Amino acid sequence: MEEPATRESEMSLSDGASDDDLPLTLPTDGSHSGSIRKGCDPFAQTQRSKLQHRRARINQQINKEMRMRAGAENLFRATSNNKVKETVALELSFVNSNLQLLKEELEELNSNMEVYQTDSEAINVPMIPLGLKETKEVDFTLSIQDFICEHYGEDSSLYDKEIKELMELRQAMRTPSRNQAGLELLMEYYNQLYYLDQRFFPLHRNLGVHFHWYDSLTGVPSCQRTLAFEKGSVLFNIGALYTQIGARQDRSVTAGIDRAIDAFQRAAGAFNYLKENFSNAPSLDMSCPSLCMLVRLMVAQVQECVFERVILTTQDTHFNSQLYLAQEAARVSDVYLLVQQTMSQPLMKDYVPFSWASMVQVKSEHFRALSHYYAAVALCDHTLSAEEEEADEEAEKAFLQFYINVPAEPTLIQVLQDPEKRRKLGKAHLRRAVIRHEEAMRVHSLCKILRKMDILQDVLSLAHKRSLDKYSELDREDDFDETAEAPEIQSQTHIKPDITPPNFSTVHVTDIFQRLGPLSVFCARARWGPVRVICLQRGEGGLGLTLRGDSPVLVAGVVPGGCAAEAGLREGDYIVAVGGEDCKWSKHSEVVQMLKNCGDRGVELSVITLHSHDTQVDRKTIMLSNSNDKENTRQQRLLGAAKGQSSASLLNWNRKKKREGNGLGKRLGSTFSLSFGSLRDTEAMY
């Protein structure tokens, strides 16, 4: 396969303390030309691999308990014996208790955020990453071998290397490394699924391969035979891996913050792409409400990174700069409040881990407190100088747009000009900041998982102490006036988060099964007769045939009574071999040269003829001219697929495509008339 060798060097591992993954180098023989991208060593004892192993074990136990429950429920409904019913009811109670314990254990694992955080000593609020979906192994061997024999009429043993390569690629993508190489591995498999769909998944039946995936958060198993479920699950893992890459960045430097922003934006793009292009998901983690929640969560984390970047890059302590920081912090609080509301929806309330909901609420309160703190700093630590009139005007303008509801008395201009009024308003902001900090700490203390996160405790404690110290600094013994209520701050950001959709064209792949022939003809949607061997002898008037196009070359016409016609060659036949040499991918000129080289001794041509069939592959389906498949059409364009490749809808998890037979193209004898717009329109008679 023609793959870019862009693998990043693996990062060092120190006695399991680091969460980076070790590369797995699979042994291959010298003839193997598969993907250079490999998954992580599943036996490497990293923190992340241990976590994934525990998740996989619990997923299997949940699957076992659910099968036992299903069997017990069936027996309970089927039996009329009261004693048996009592025994089964007791067993069901026991099984349900086990399931509840397993789900709680899995929730705790899925809520483990510390494993994915950076090793930097800087104190930053932890981010929320997403664990990868687990999947069982899939054996494509028998299904693909049978399909090659039945549909393509070839010896399936000739494609053992390709089948092995496909299965190794799938096995590798189950354990992607947490870096660019891991992302490329997932994208390579995702792109390869496009070709797999075209080659082996016809519209009228499935291949018989079952794809098992576990819910990312609950571990509930789902099984589908449609390839769309496999594609959707891989795309979900691409987004999940981006969240882990974003969480691990060192956000104490601007370069690390920029990488985190990029990763979270791409995670949001992957989840949004999944939401828009796939529907009827069998697992809750890929349902529309769940994906909407994940997109909003990623956008909120991007906004948080933007605030951290502003903190690092704001060197001056001017009045306007502090107001700017306050509004940025208020914006972060607002977007996390929106995420909190999304998590509180009926379908999501019992699905989202409690630690996630608590973390989001903590962040909403924490950043609202920070916005009031910076407002107080702007009011109390910075006075307006009479010499800088222009700066004063800008400060007044910024301050007038700072609040949602501007108080009538005193006016904001009066507040700016009176140091005592500024002190009192700043004290009011600090009072609200302390209240918000205390609420954040209260919510934090209610969650067992968050209490274990020392770095989060440190962040909240330091911010709370800073606000208290500032409040004590402004408080006076003779200050008997009741502290006024600070107005609500208008949230604003100068850098809006972007949702970056996945760019699959960055990872170039070659169809593993390209030896079967060009997809324009040799695909699962097309039907053709058995290969016919034509013994062609050159006569006085030549061979008596007209050829057109490339890969494969089409017999566009046969001279009546000519050599080709007498040998049994028909208009519309495709030449697949000349003299025993495969020419499915040969250019027009190459096939012509093969025919000329035969001389007067004659040559054997292997040809096939496309036929109509029960499902009636119409011209639209073959040519992708007006495809209704948004996802597959986009991917075909990204992969640079040639015209003439068929498409099957991957919009639904369960394939329910209408098969209409009213779009048949113009026939050439017993074949279809296929367009050659994308081919070299060379046509000549020989």
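Here is what the cut-offs are and how they apply
- Residues numbered from 1 in each chain as written.
- Predicted model: local features only at pLDDT ≥ 70, side-chain atom pairs only at ≥ 80, totals over all residues.
- Heavy atoms only, no water.
- Helix = DSSP H or I, 4+ residues; strand = E, 2+ residues; numbered from the N terminus.
- Contact = heavy atoms within 4.5 Å.
- Areas by Shrake-Rupley, 256 points an atom, 1.4 Å probe, with all protein chains shown as cover.
- Core = buried A, V, L, I, M, F, W, Y, C linked by side-chain atoms within 4.5 Å.
- Buried < 20%, exposed > 50% of the residue type's maximum accessible area, 1.4 Å probe, protein only.
- Axes fitted to C-alpha atoms, helices over the stretch in contact; angles between N-to-C directions.
- Parallel < 35°, antiparallel > 145°, perpendicular 65-115°, else oblique.
- Left-handed = near helix turned anticlockwise from the far one by under 90°.
- Nonpolar A, V, L, I, M, F, W, Y, C, P; charged D, E, K, R; others polar.
- Expected span 1.5 Å × (residues − 1).
- Polar contact = N/O pair within 3.5 Å; in protein donor to acceptor, adjacent residues only side chain to side chain.

K.L.:
Explain the overall build of the protein here, please?
P.N.:
Looking only at helices and strands, one finds 20 helices and 12 strands in the protein. Sequence separation of at least 24 residues holds for 78% of the intrachain contacts in the protein that already meet a minimum separation of 6. Accessible surface for the protein amounts to roughly 31000 Å². Of this, 49% is attributable to carbon and sulfur atoms.

K.L.:
Mind showing me how you'd approach the nonpolar core here?
P.N.:
Side chains of nonpolar character tend, in soluble globular proteins, to be buried together. Within the largest apolar cluster, 136 residues are counted, with the highest numbers of intra-cluster contacts made by Ile144, Leu196, Phe200, Trp356, Phe399 and Phe513. With 13 residues, helix 11 (residues 354–381) is the single largest residue contributor to this core. The residues touching Phe513, leaving out its near neighbours within four places in the chain, are Ile144, Tyr159, Glu162, Ile163, Leu166, Leu196, Arg199 and Phe200. Membership of the second largest hydrophobic core comes to 20 residues, among which are Leu569, Val578, Val603 and Leu605.

K.L.:
I would appreciate a short explanation of the side chain of Glu328 in the present structure.
P.N.:
Within the element layout of this structure, Glu328 appears in helix 9 (residues 319–343). What Glu328 contacts, discounting residues up to four positions off in sequence, is Gln303, Val306, Phe307, Val310, Gln492, Thr493, His494 and Ile495.

K.L.:
Looking at this structure, I do not really get the packing of helix 11 against helix 16 (residues 454–474). What am I missing?
P.N.:
Any two packed helices are characterised by the angle at which their axes cross and by the distance between the axes. It is the contact of helix 11 with helix 16, at a shortest axis distance of 11 Å, that shows an interaxial angle of 30 degrees. By the angle between their directions, the pair helix 11 and helix 16 is classed as roughly parallel. Seen along the crossing, helix 11 lies across helix 16 with a hand that is left-handed. When helix 11 is examined against helix 16, the residues Met359, Val362, His366, Leu370, Tyr373, Tyr374, Cys380 and Asp381 are found in contact with a partner set consisting of Leu456, Val459, Leu460, Ala463, Arg466, Ser467, Lys470 and Leu474. In terms of residue class, the contact of helix 11 with helix 16 is made up of 11 nonpolar, two polar and three charged.

K.L.:
Can you help me understand helix 4 (residues 160–173) in this one?
P.N.:
A rise of 1.5 Å per residue sets the reference length of helix 4, with its 14 residues, at 20 Å; its end C-alpha atoms lie 20 Å apart and thus fit the reference within 8%. Elements in contact with the buried residues of helix 4: helix 3 (141–152), helix 5 (180–200), strand 1 (211–214) and helix 6 (227–247).

K.L.:
How should I be thinking about the side chain of Ser177 in this particular structure?
P.N.:
The residue Ser177 is located in the loop between helix 4 and helix 5 in this model. One polar contact links Ser177 to Asn179, side chain to side chain, over a distance of 2.7 Å. Of the polar contacts made by the side chain of Ser177, one reaches the backbone nitrogen of Gly182; its length is 3.3 Å.

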